[in-house]
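Now for the letters of each chain:
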Amino acid sequence: MEQTLVVLKPDAILRGLTGELLGRFERAGLKLVAAKMVQVDKGLAEKHYPADREEWLKLLGHKTLDNYKELKKDTKAEMGTDDPLKLGHMVRGWLLDYISSGPVFAAVLEGPHAVELVRKITGHTLPFKADPGTIRGDYSFDSSHLANTGKRAIKNLIHASGNLEEAKYEIPLWFSKEEIAKYERSEEKAMK
Ligand code: GDP
Ligand code: MG
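Summarised in this report is the structure supplied together with it. (Residues numbered from 1 in each chain as written. Chains lettered and ligands numbered in written order. Predicted model: local features only at pLDDT ≥ 70, side-chain atom pairs only at ≥ 80, totals over all residues. Heavy atoms only, no water.)

Let's shift gears to the pattern of salt bridges. The tally for this structure, following the rule as stated, stands at 13 salt bridges. The shortest N-O distance in the salt bridge between glutamate 179 and lysine 36 comes to 3.2 Å. Of the two residues, glutamate 179 is situated in the loop between α10 (164–174) and α11 (186–190) and lysine 36 in strand β2 (residues 31–38); the sequence distance between them amounts to 143 residues. Note that aspartate 142 and arginine 152 form a salt bridge whose closest N and O atoms lie 2.7 Å from each other. Of this pair, aspartate 142 sits in the loop between α8 (135–139) and α9 (144–149) while arginine 152 sits in the loop between α9 and β4 (158–160), and the two are 10 residues apart along the sequence. The exposure class of aspartate 142 is buried, given its relative accessible area of 5%. Overall, arginine 152 belongs to the partly exposed group, its relative accessible area being 26%. Connected through salt bridges with shared partners, the residues Glu20, Arg24 and Asp138 form a single ionic network. (Salt bridge = Lys/Arg side-chain N within 4 Å of Asp/Glu carboxyl O. Helix = DSSP H or I, 4+ residues; strand = E, 2+ residues; numbered from the N terminus. Buried < 20%, exposed > 50% of the residue type's maximum accessible area, 1.4 Å probe, protein only.)

Shown next as structure tokens:
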């Protein structure tokens with residue numbers, strides 16, 4: 001049994017997709033154990049996207065580099081640097097603005113293999129590469145290039161913990177223990 005964090009980002013809320021997106025997880029049998037609307041302040045944003053997660057920042061930078069390479073564009077000329085860590089920090093800055101630009105809806109989902117299952121339903125980071133049927137594939141066409149040239153984060157509607165370690169770090173940032181409910185869904189009985 002695992003718990004994982006999802007955050008419906010401001011674009012999902014502004015587009016009125018909260019119920020639709022949450023419903024997709026519930027339909028798959030994932031149990032909603034915590035949920036609330038949040039206006040993210042700088043403190044929470046900084047902790048959610050920590051400046052000292054070098055591996056993740058480098059990975060973000062590499063994603064940006066790969067994308068420019070694919071487009072045969074000069075990253076250094078367009079972004080001012082081709083250093084993956086510096087690029088990662090740049091994207092992180094845009095993420096802090098994005099997550100705190102409007103209300104978000106945070107939730108904890110529980111179930112067997114919840115982390116992987118939620119990532120599967122969420123889809124690829126880059127919406128134009130996300131499969132149809134996934135949240136990002138069905139509701140967005142944004143790309144790294146569009147976002148980078150606009151000097152903003154990719155609008156992909158939702159954050160979902162990337163792995164169990166990330167989930168264990170993120171959930172307590174958003175919810176206290178008392179806010180997490182315990183109950184049994186009817187499917188749990190049916191699957192026994
Ligand atoms: P996720 O776990 O699938 O959300 O992806 P990451 O953890 O790698 O990235 C976090 C967020 O940063 C993504 O959801 C996007 O909003 C944004 N992002 C990722 N890669 C890029 C990029 O190359 N350019 C820009 N502008 N934003 C990006
Ligand atoms: Mg991630």
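That was the structure; now back to the text.
Turning our attention to helix α4 (residues 54–70). The terminal C-alpha atoms of α4 lie 24 Å apart, and with 17 residues this matches the ideal 24 Å at 1.5 Å per residue to within 8%. Buried residues of α4: Trp56, Leu57, Leu60, Gly61, Thr64, Leu65, Asn67 and Tyr68, and no others. Packing partners of the buried residues in α4 comprise α5 (75–79), α6 (84–99) and α9. Backbone geometry just downstream of α4 places lysine 72 in the positive-phi region, at approximately 55 degrees. (Expected span 1.5 Å × (residues − 1). Contact = heavy atoms within 4.5 Å.)

What follows deals with the site of ligand 1. The full set close to ligand 1 counts 18 residues, and Lys63, Arg119, Thr125, Asn148 and Asn156 are the nearest of them. Serine 144 places a side-chain nitrogen or oxygen 2.8 Å from an oxygen atom of ligand 1. Taking arginine 152, its main chain carries an N or O atom lying 2.8 Å from a nitrogen atom of ligand 1. Notes on ligand 1: free accessible area 550 Å², of which the protein chains cover 96%. Broken down by secondary-structure element, the contributors of at least two residues to the shell around ligand 1 are α4, α6 and α9. Looking at which element gives the most residues to the shell around ligand 1, the answer is α4, with four residues. Partitioned by chemical class, the residues of the shell around ligand 1 number eight nonpolar, five polar and five charged. (Near = heavy atom within 4 Å. Polar contact = N/O pair within 3.5 Å; in protein donor to acceptor, adjacent residues only side chain to side chain. Areas by Shrake-Rupley, 256 points an atom, 1.4 Å probe, with all protein chains shown as cover. Nonpolar A, V, L, I, M, F, W, Y, C, P; charged D, E, K, R; others polar.)

Everything listed here is a matter of coordinates, which is why it stays silent on function.
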